[in-house]
Amino acid sequence: MTTHKETLQFQTEINQLLHLMIHSLYSNKEIFLRELISNASDACDKLRFEALADPSLMAGDSELNVKVDFDAENGTLSIRDNGIGMNRDEVIANIGTIAKSGTKEFFERLSGDQSKDAKLIGQFGVGFYSAFIVADRVTLNTRRAGMEAEHGVRWESDGTGAYTLETVDLPERGTEIVLHLREEERSDFLNAWRLRSIINKYSDHVPLPILMRKTGDDQQPGDTWETINKASALWQRAKSEISDAEYKEFYQYVSHDYGEPLAWAHNRVEGRLEYTSLLYIPGKAPFDLWEPNQTHGIKLYVQRVFIMDDTEHQILPRYLRFVRGVIDSSDLPLNVSREILQGNRVIDQMRSGSVKRVLGLLEDMAVNEPEKYQNFWNEFGRALKEGPGEDFANREQIARLLRFASTHSDNETQNVSLTDYIGRMPEGQDKIYYITADTFIAAKNSPQLELLRKKGIEVLLLSDRVDEWLTSHLQEFEGKSLASVAKGTLDLGSIETEEERKSQEEIEKTAEGLVERIKNALGDRVEAVRVSHRLTSSPACIVLGERDMALYMQQLLKQAGHEIPSTKPTLEINPGHPMLARIEQEDARFAEWSSLLLDQAILAEGGQLEDPAGFVARLNQLMLALADQSH
Ligand SMILES: Nc1ncnc2c1ncn2[C@@H]1O[C@H](COP(=O)(O)OP(=O)(O)OP(=O)(O)O)[C@@H](O)[C@H]1O
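Residues numbered from 1 in each chain as written. Predicted model: local features only at pLDDT ≥ 70, side-chain atom pairs only at ≥ 80, totals over all residues.

An unreviewed UniProt entry annotates the chain as Chaperone protein HtpG of Acidithiobacillus marinus. Quoted verbatim from the Subunit (unreviewed entry) heading of the UniProt record, the comment on the chain is "Homodimer." Check the Subcellular location (unreviewed entry) section of the UniProt entry for the chain; it says "Cytoplasm". (UniProt positions renumbered as here; feature names shortened; annotations may be inferred.)

Here it is, written out as structure tokens:
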């Protein structure tokens, strides 16, 4: 048979990555072993899962494991697994290209500062290529499970731009990675004691045996193999036997995040339904938290056999997609598939139990460790804000966990809870007021807040994209309705005195004529014109209907190609403002002034003008007219 050897080029990013890796990770070289063992363990998990549907894939060799071995004479170190393996196309796709968005993101974040970049590598776990930190040549031999011996693939590279691919005979399935160590690395890594200690340090909790040769009486590695990691499912041990350090190590294994978790909950549920869950709240948001497709999620096990990563949010809902950990069920069948999970009673119960546990953990943190909770909120708050829309049943509990910026401090930090807000409400106030805008500054400076500010009434300042969605689903909290100060009529209830109401009515009466004239001038550009209740220092503002979407959101959706029925705003005017007094006297230019009033109110609201050039022309004309008058 032909061996079909060819030379292929790396994607340019890979060259960059290799260069960076070699030069920035010199102080923490040993992590290459963690990365390669982690890949080997994933490969075994994948095989175990595929073999549930097709047991012949195991081909009589079902004791999955990872073997670490070295050859001091030849200067090589090898990591071998009997997992899923790869065929030729998979090798090209996985090892020669950067297909994952995570790696692209990684490049975007590089700063050029070596120490910072080295940390980033740790955070992203760039995997396979870390082999080149210690090796000047890497050979990968692999054979896909289910394929014949002659379909083995050998990949080899010195990490300087190209790699060769060759078809070879491989008697065993799985992947072997052989590192030809750089001369200067040999004394350090070709040492059984040193390798064991690295494995214990980083890979103790890989729930799969990692084997090395047993050292014989002559202190030389012999032919029998022994397991050197714990290789047990940590979550199956009793809580009292697990130290915090072990929980943290396990977190790093399940999350691929080499930072520390903020908190965790470990529970065993017994009775009609039996499962164990170990759930972690990470300290930092993973890079793909906001991407539609995630690569990691909760790991589902059935009786300690890894089944799948819950990337489709069947086990935990989307708004809790930052949670990492494992759920191990004793009730699901081993041959479970994604389709079976859909609408499965066992999954549903584990799901609702796990959601309760995560929310409980967060509530506990919010009450007992508010600073920690603030860290959590800063990282993951925007995801949690999707909760009330997605998880109706738990919306009260989620609402208690929400944090917002508000006019109380006028600070951008989101640290006001709805409970804090209600606690500060003056007597007579029966609503929770908020405003949504495109940015925090826009929210904070909204004209619609003027009266409320003057009266000292707190307003929540919402400027995350998800806030419009949140407020459309969360309409009340502890019996108080949430009300936008930029939508509908501003009903101040009994915060307003009888006198204020009277004087407002008088103003409205006096301004009736002016309102009518503006309405006629603007025609169907507006839904209505009326005297404002909420302004003190601005001449006018835009108000939307109770159910309308904020203008900036409408624009965003339009830009994204959605058809949005356009809503006409209501213009509210402040007759006490000198500008309106001035307009009232106008005759010839009344229509232009009115148009200007509407346009600037739209701009202040964060909306876009249909005719921006017309607005500028009108503004210029009026400025010139004013300049003429003053001469
Ligand atoms: N031992 C192996 N057996 C089978 N496939 C492997 C093995 N090692 C790597 N691969 C394949 O190569 C791909 C790239 O590996 P790499 O370590 O660069 O990233 P990754 O493991 O996908 O990323 P992460 O470390 O963030 O999970 C893997 O996703 C996998 O498909």
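Having put the structure on the table, let's press on.
**Student:** Explain the overall build of the chain to me, please; I cannot follow it from the model alone.
**Tutor:** On a plain count of helices and strands, the chain comes out with 23 helices and 22 strands. Counting across all 631 residues of the chain, residues that qualify as buried make up 37%. (Helix = DSSP H or I, 4+ residues; strand = E, 2+ residues; numbered from the N terminus. Buried ≥ 20, exposed ≤ 12 C-beta atoms within 10 Å, placed from the backbone.)

**Student:** Would you mind showing me how to read the domain arrangement of the chain here?
**Tutor:** A common way to state how big an interface is: give the accessible area lost once the parts meet. Here the domain parsing of the chain yields domain 1 (5-227), domain 2 (234-370), domain 3 (403-495) and domain 4 (498-630). Placing a centre on the C-alpha atoms of domain 3 and another on those of domain 4 gives a separation of 23 Å. In this assembly, 15 residues from domain 3 lie in contact with 18 residues from domain 4. By residue class, the composition of the side of domain 3 that touches domain 4 is seven nonpolar, three polar and five charged. (Domains from an automatic or database assignment. Contact = placed C-beta atoms within 7 Å. Nonpolar A, V, L, I, M, F, W, Y, C, P; charged D, E, K, R; others polar.)

**Student:** When you look at the nonpolar core in this model, what are you seeing that I'm missing?
**Tutor:** The tendency in soluble globular proteins is for nonpolar side chains to be buried as a group. Ranked by internal contacts, the top residues of the largest apolar core, which has 144 residues, are Ala131, Leu179, Val323, Ile435, Val459 and Leu460. At nine residues, helix H2 (residues 31-53) tops the list of elements feeding residues into this core. Beyond its immediate sequence surroundings of up to four residues, alanine 131 is in contact with Phe32, Leu36, Val138, Ile177 and Leu179. (Core = buried A, V, L, I, M, F, W, Y, C linked by C-beta atoms within 7 Å.)

**Student:** Help me understand the site of the ligand, please; the structure alone is not making it clear to me.
**Tutor:** Around the ligand lies a shell of 15 residues, among which Asn39, Ala43, Asn94, Gly127 and Thr175 are the nearest. Those elements that place two or more of their residues in the shell around the ligand are H2 and helix H3 (88-95). The greatest single-element share of the shell around the ligand, amounting to three residues, is contributed by H2. Grouping the amino acids of the shell around the ligand by side-chain chemistry returns six nonpolar, eight polar and one charged. (Near = placed C-beta within 6 Å.)

**Student:** Help me out: how do you make sense of the packing of helix H10 (residues 345-368) against helix H11 (residues 370-384) in this one?
**Tutor:** Packed helices, taken two at a time, are described by their axes: the angle between them and the distance between them. Two elements in contact, H10 and H11, have axes separated by 5 Å at closest approach and are oriented at 125 degrees. Classified by the angle their axes make, H10 and H11 are oblique. Across from Leu362, Met365 and Ala366 in H10, the residues of H11 making contact are Pro370, Lys372, Tyr373 and Phe376. A per-class count over the contact of H10 with H11 returns six nonpolar, no polar and one charged. (Axes fitted to C-alpha atoms, helices over the stretch in contact; angles between N-to-C directions. Parallel < 35°, antiparallel > 145°, perpendicular 65-115°, else oblique.)

**Student:** Would you mind showing me how to read helix H20 (residues 551-559) here?
**Tutor:** An α-helical segment advances 3.6 residues per turn. Residues three or four places apart therefore align on the same side. Regarding H20, the residues found buried are Leu551, Tyr552 and Gln554. The arc enclosing the buried residues of H20, seen along the axis, measures out at 160 degrees, which places them on a common side. Glycine 561 sits one or two positions beyond H20 and adopts a positive phi of about 90 degrees. (Arc of directions from axis to C-beta.)

**Student:** Explain unusual backbone geometry here, please?
**Tutor:** Negative phi is the rule for most residues except glycine; trans is the rule for most peptide bonds. Phi is positive for aspartate 410, close to 55 degrees, though the residue is something other than glycine. Secondary-structure assignment places aspartate 410 in the loop between strand E15 (405-406) and helix H14 (418-424). The exposure class of aspartate 410 is exposed, given the 11 C-beta atoms found within 10 Å. The residue glutamate 478 is not glycine, and still its phi comes out positive at about 45 degrees. Tracing the backbone shows glutamate 478 in the loop between strand E18 (476-477) and strand E19 (480-484).

**Student:** So what exactly am I meant to see when it comes to the pairing of strand E10 (residues 261-269) here?
**Tutor:** On a regular strand, one side chain projects to one face of the sheet and the next to the other, so that they alternate. Relative to strand E11 (residues 275-282), E10 runs antiparallel, the two sharing eight bridges. Residue pairing in the sheet places tryptophan 264 in a bridge with tyrosine 280 of E11. What sits between the antiparallel neighbours E10 and E11 is a turn of five residues, in which glycine 271 has the positive phi angle 125 degrees. (Pairing = 2+ DSSP bridges.)

**Student:** Please explain the pairing of strand E12 (residues 299-302) as it appears in this structure.
**Tutor:** Burial along E12 is two-sided: Lys299 and Tyr301 facing one way and Leu300 and Val302 facing the other are all buried. Turn length for the E12-strand E13 (residues 305-309) hairpin, with the two strands adjacent in sequence and antiparallel, is two residues, and the turn residue glutamine 303 shows positive phi of about 45 degrees. Here E12 runs beside strand E14 (residues 324-329); their pairing, made up of four bridges, is parallel. Bridge pairing in E14 places lysine 299 opposite valine 326.

**Student:** What should I look at first to understand the sheet that holds strand E3 (residues 76-81) in this one?
**Tutor:** Sheet strands pair by backbone hydrogen bonding; their relative direction is either parallel or antiparallel. Read from one edge of the open sheet, nine strands run E1-E6-E5-E4-E7-E3-E2-E8-E9, paired in mixed fashion. Each edge of the open sheet is held by one strand with a lone partner, namely strand E1 (6-9) and strand E9 (221-227). Ignoring strand direction, the axes of neighbouring strands in this sheet form an average angle of 25 degrees. Summarising the sheet, strand E2 (residues 66-71) and strand E8 (residues 210-215) pair through two bridges and their orientation is parallel. Note that in E8 the partner of lysine 67 across the bridge is leucine 211. Those strands touched by H3 are strand E4 (135-143), strand E5 (152-157) and strand E6 (162-168), and its axis lies near 30 degrees from that of E5.

**Student:** Where do I start with the packing of helix H19 (residues 512-522) against helix H22 (residues 590-604) in this structure?
**Tutor:** Direction vectors running N to C along H19 and H22 enclose 85 degrees, while the axes themselves pass 9 Å from each other. Of the possible angle classes, the one that applies to H19 and H22 is roughly perpendicular. Across from Arg517, Ile518, Ala521 and Leu522 in H19, the residues of H22 making contact are Phe590, Ala591, Ser594, Ser595 and Leu598. Here the contact of H19 with H22 is built from residues that sort into six nonpolar, two polar and one charged.

**Student:** Looking at this structure, how should I read the confidence of the model for the chain?
**Tutor:** In low-pLDDT regions, the fine details of the predicted coordinates are not to be read closely. Model confidence for the chain is summarised by a mean pLDDT of 88, while 94% of its residues fall at 70 or above. In the predicted assembly, ipTM is 0.96 and pTM is 0.78. (pLDDT = per-residue confidence, 0-100.)

**Student:** Explain the sheet that holds strand E21 (residues 540-543) to me, please; I cannot follow it from the model alone.
**Tutor:** Read from one edge to the other, the open sheet built from three strands follows the order E20-E22-E21, with strand pairing classed as mixed. The open sheet has two free edges, formed respectively by strand E20 (528-531) and E21, since each of these has just one partner strand. Strand-to-strand twist of the sheet, defined as the mean angle between neighbouring strand axes without regard to direction, takes the value 25 degrees. Taken together, the four bridges between E21 and strand E22 (residues 570-573) define a ladder with antiparallel strand orientation. From the neighbouring strand, cysteine 541 faces E22, where its bridge partner is glutamate 572.

**Student:** In this structure, what is going on with the environment of glutamine 342? I would like to understand it.
**Tutor:** Tracing the backbone shows glutamine 342 in the loop between helix H9 (338-341) and H10. Each C-alpha atom, one on glutamine 342 and one on leucine 279, is 22 Å from the other, the two residues being 63 residues apart in sequence.

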